Amino acid sequence: MASAALLLFGAFGLLTAIGVPIAFAIGAAAAITFLLFMDFNQSVFIVAQQMASGLDSFTLLAIPFFILAGNIMNRGGIAMRLIAFAKVLGGRLPGALAHCNVLANMMFGSISGSAVAAAAAVGGVMSPLQKKEGYDPAYSAAVNIASCPTGLLIPPSATLIVYSLITGGTSIAALFVAGYLPGLLMGLSLMIVAGIIAKKRGYPLAPRSTWQEVFRATADAILPLGLIIIVMGGIISGAFTATEASAIAVVYTLLLALVWYREIGLKDLPSIITESAVTTSIVLLMIGASIAMSRAMAFGDIPFALSDALLSISENPILILLAINIALLIVGTFMDMTPALLIFTPIFMPVVRDLGMDPVHFGIVMTFNLCIGICTPPVGSALFVGCSVGGTSISAVIRPLLPFYAVLFALLLLVTYVPAISLALPRLLLGY
């Protein structure tokens, strides 16, 4: 086991360090590890076979459909309508535009399924408005960066679909419903921090909205938000699966952007589909390679050996879960969300199973961890995009981010040690 683990993670670390793309580094590390058990030809064949068979899944069809639906919404004028609605909701709170930013990210992120898309779309609109009102650009960027991952917890979430696949079929419906409370608590906690800072700095309230403005903003937001109701209502009621829901989401968003809002035309569809295909290819290549790596880890008994090693350190579940959280937070600082989820879920799953932790609960904890990771240096994708659209530097935004990091870490521990936050809704709505 020791030699297999050393070879697998050593090869992966070396290949990543010299700039090999993450998916190829994962696949190559798996192939190298298989050389401990078989010859070169068999090793390459097993990796290719595992990648092909691992992607032969009906569940995975949901990912390209949700990516396409998100890209249609990104280009279909949805962000501006949700931002207008968020202004109505948060306009009379201290630092109104910061609250608007958080609310808009929660809504747009959940619909688009992408933290980076939310950071770019919402931040691109909000940053100039906040600058005009006298907000510090670094503070504005910090609010946008910290809040853009909330949509990865609030369904529909492609991240949770990947987790379901890796764990061998954890209920996608239960995972989706479980993400609501943690996602809403995440957004609310960030709004509290933003409000405290805004009040200290004397940032202005937004002008009181007229009833006409409230009605118009609400009416404009009903149809985009209706997607969540249709998707989740259908999944919870059993009318359709998550995969079928993803196809319905594409049809719905296409009708919304193409026919109702008319923000895009038929001539825009080829570029949207091409962009979605490229993104899907990247994600699925990483999934296939990671499935091969999981097989290599299983050959070397790496997950179970690491599980035994971790459990031998302490039998206290509190300390073990704290150690897992710390490990995932460290991983999140240098690895993007999807590969981290694909690589470390098989490692930690035997541990949490031995502790009696529900896989749905662990899926939310793991996703929450990695949501924080994409906001942190040195390689946080949301951090780079947020700084870019906010017109500020990473060094300038780190200090304003610290109070947001603190509240996110505290909330992560709360979600970890209070399973009811994740499991109450699945049990209530699904009888999970």
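Small disclaimer: the values here were computed from a predicted structure and weren't measured.

Caption draft 1: Representation of the packing of helix α9 (residues 158–166) against helix α17 (residues 337–354) within the structure. The geometry of α9 relative to α17 is characterised by a closest axis approach of 10 Å and an angle of 35° between their N-to-C directions. When you trace α9 past α17, the crossing you get is right-handed. Residue-level inspection shows Thr159, Val162, Tyr163 and Ile166 of α9 in contact with α17, the latter providing Met337, Leu341, Leu342, Thr345, Pro346 and Met349. Residues that form the contact of α9 with α17 fall into these classes: 8 nonpolar, 2 polar and no charged.

Caption draft 2: Broad picture of helix α2 (residues 22–34). The end-to-end C-alpha separation of α2 is 19 Å, in line with the 18 Å expected for 13 residues at 1.5 Å each. Within the sequence span of α2, burial applies to Ala23, Ala25, Ile26, Gly27, Ala29, Ala30, Ala31, Thr33 and Phe34.

Caption draft 3: Summary view of the packing of aromatic side chains. Here the structure, examined in full by the defined rule, presents 3 aromatic pairs. Measuring from centroid to centroid gives 6.3 Å for phenylalanine 344 and phenylalanine 348, while their planes differ by 20°, and the two rings are stacked. Of this pair, phenylalanine 344 and phenylalanine 348 both sit in helix α17, 4 residues apart, which is roughly one turn of that helix. Take phenylalanine 344 and phenylalanine 348: they sit in the same class, and that class is buried. Measuring from ring centre to ring centre gives 6.3 Å for tyrosine 405 and phenylalanine 409, while their planes differ by 15°; the resulting arrangement is stacked.

Caption draft 4: Main features of the packing of helix α16 (residues 317–334) against helix α18 (residues 359–373). Axis separation between α16 and α18 bottoms out at 8 Å; the angle between their running directions is 40°. Taken together, α16 and α18 sit at an angle that is classed as oblique. Judged by the twist between their axes, the crossing of α16 over α18 is right-handed. Side by side, α16 and α18 meet where Ile324, Asn325, Leu328, Leu329 and Gly332 of the first sit next to Phe362, Val365, Met366, Asn369, Leu370, Ile372 and Gly373 of the second. Within the contact of α16 with α18, the residues separate by chemical class into 8 nonpolar, 4 polar and no charged.

Caption draft 5: Here's a closer look at the pattern of salt bridges. Within this structure, the stated rule accounts for 1 salt bridge. Between aspartate 136 and arginine 201 there is a salt bridge whose closest N-O contact spans 3.7 Å. With aspartate 136 in the loop between α7 (115–132) and α8 (137–147) and arginine 201 in helix α11 (residues 180–201), the pair connects residues that are 65 residues apart, well separated along the chain.

Caption draft 6: Just the nonpolar core, in detail. Within the largest apolar cluster, 147 residues are counted, with the highest numbers of intra-cluster contacts made by Tyr139, Met293, Ile324, Phe344, Phe362, Phe368 and Phe404. The element best represented in this core is α17, accounting for 11 residues. Setting aside anything within four residues of it in sequence, one finds tyrosine 139 in contact with Ala98, Ala194, Ile197, Ala198, Arg201, Tyr203, Pro400 and Phe404.

Caption draft 7: Representation of the environment of arginine 216 in the model. Tracing the chain through its elements places arginine 216 in helix α12 (residues 211–237). Exposure remark for arginine 216: the relative accessible area of 43% places this residue in the partly exposed category. Linking arginine 216 and alanine 79, residues 137 residues apart in sequence, is a C-alpha distance of 15 Å.

Caption draft 8: Looking closely at the side chain of serine 43. As for its placement among the helices and strands, serine 43 is situated in helix α3 (residues 40–54). Given a relative accessible area of 1%, serine 43 falls into the buried group. Leave out the neighbours within four places in its chain, and serine 43 touches Ala31, Phe34, Leu35 and Met38.

Caption draft 9: How the structure looks around helix α4 (residues 62–75). With 14 residues, α4 ought to run about 20 Å at 1.5 Å a step, and its terminal C-alpha atoms sit 20 Å apart, in line with that. Within α4, 10 of the 14 residues are buried, leaving the element largely enclosed by the surrounding structure. Of all the residues in α4, the buried ones are Ala62, Ile63, Phe66, Ile67, Leu68, Ala69, Gly70, Asn71, Ile72 and Met73. With its phi angle positive at about 80°, glycine 77 sits one or two positions after the end of α4.

Caption draft 10: Here's a closer look at the confidence of the model for the chain. For the chain, the mean per-residue pLDDT works out to 82, and 97% of the residues sit at or above 70. The secondary-structure element of the chain with the lowest mean pLDDT is helix α15 (residues 302–313), recorded at 73, while α18 shows the highest, at 92.

Caption draft 11: The environment of alanine 142, seen in detail. If you trace the backbone, alanine 142 turns up in helix α8. The exposure class assigned to alanine 142 is buried, which follows from its relative accessible area of 0%. With residues near it in sequence (within four places) discarded, alanine 142 still touches Val397, Pro400, Leu401 and Phe404.

Caption draft 12: Structural context of a nonpolar patch on the surface. The grouping of Ile318, Leu319, Leu322, Ile326, Ile330, Phe334, Leu413, Leu414, Tyr417 and Val418 at the surface amounts to a nonpolar patch, some 840 Å² of accessible area in total. Elements supplying a minimum of two residues to the nonpolar patch: α16 and α20 (394–417). At 6 residues, the largest contribution of residues to the nonpolar patch is made by α16. With respect to the secondary-structure elements, isoleucine 326 resides in helix α16.

What counts and how
- Residues numbered from 1 in each chain as written.
- Predicted model: local features only at pLDDT ≥ 70, side-chain atom pairs only at ≥ 80, totals over all residues.
- Heavy atoms only, no water.
- Axes fitted to C-alpha atoms, helices over the stretch in contact; angles between N-to-C directions.
- Helix = DSSP H or I, 4+ residues; strand = E, 2+ residues; numbered from the N terminus.
- Left-handed = near helix turned anticlockwise from the far one by under 90°.
- Contact = heavy atoms within 4.5 Å.
- Nonpolar A, V, L, I, M, F, W, Y, C, P; charged D, E, K, R; others polar.
- Expected span 1.5 Å × (residues − 1).
- Buried < 20%, exposed > 50% of the residue type's maximum accessible area, 1.4 Å probe, protein only.
- Phe/Tyr/Trp six-rings, centres within 6.5 Å; stacked < 30°, edge-to-face > 60°.
- Parallel < 35°, antiparallel > 145°, perpendicular 65-115°, else oblique.
- Salt bridge = Lys/Arg side-chain N within 4 Å of Asp/Glu carboxyl O.
- Core = buried A, V, L, I, M, F, W, Y, C linked by side-chain atoms within 4.5 Å.
- pLDDT = per-residue confidence, 0-100.
- Patch = residues over 30% accessible without salt bridge, like charges linked within 9 Å, V, L, I, M, F, W, Y side chains within 5 Å.
- Areas by Shrake-Rupley, 256 points an atom, 1.4 Å probe, with all protein chains shown as cover.

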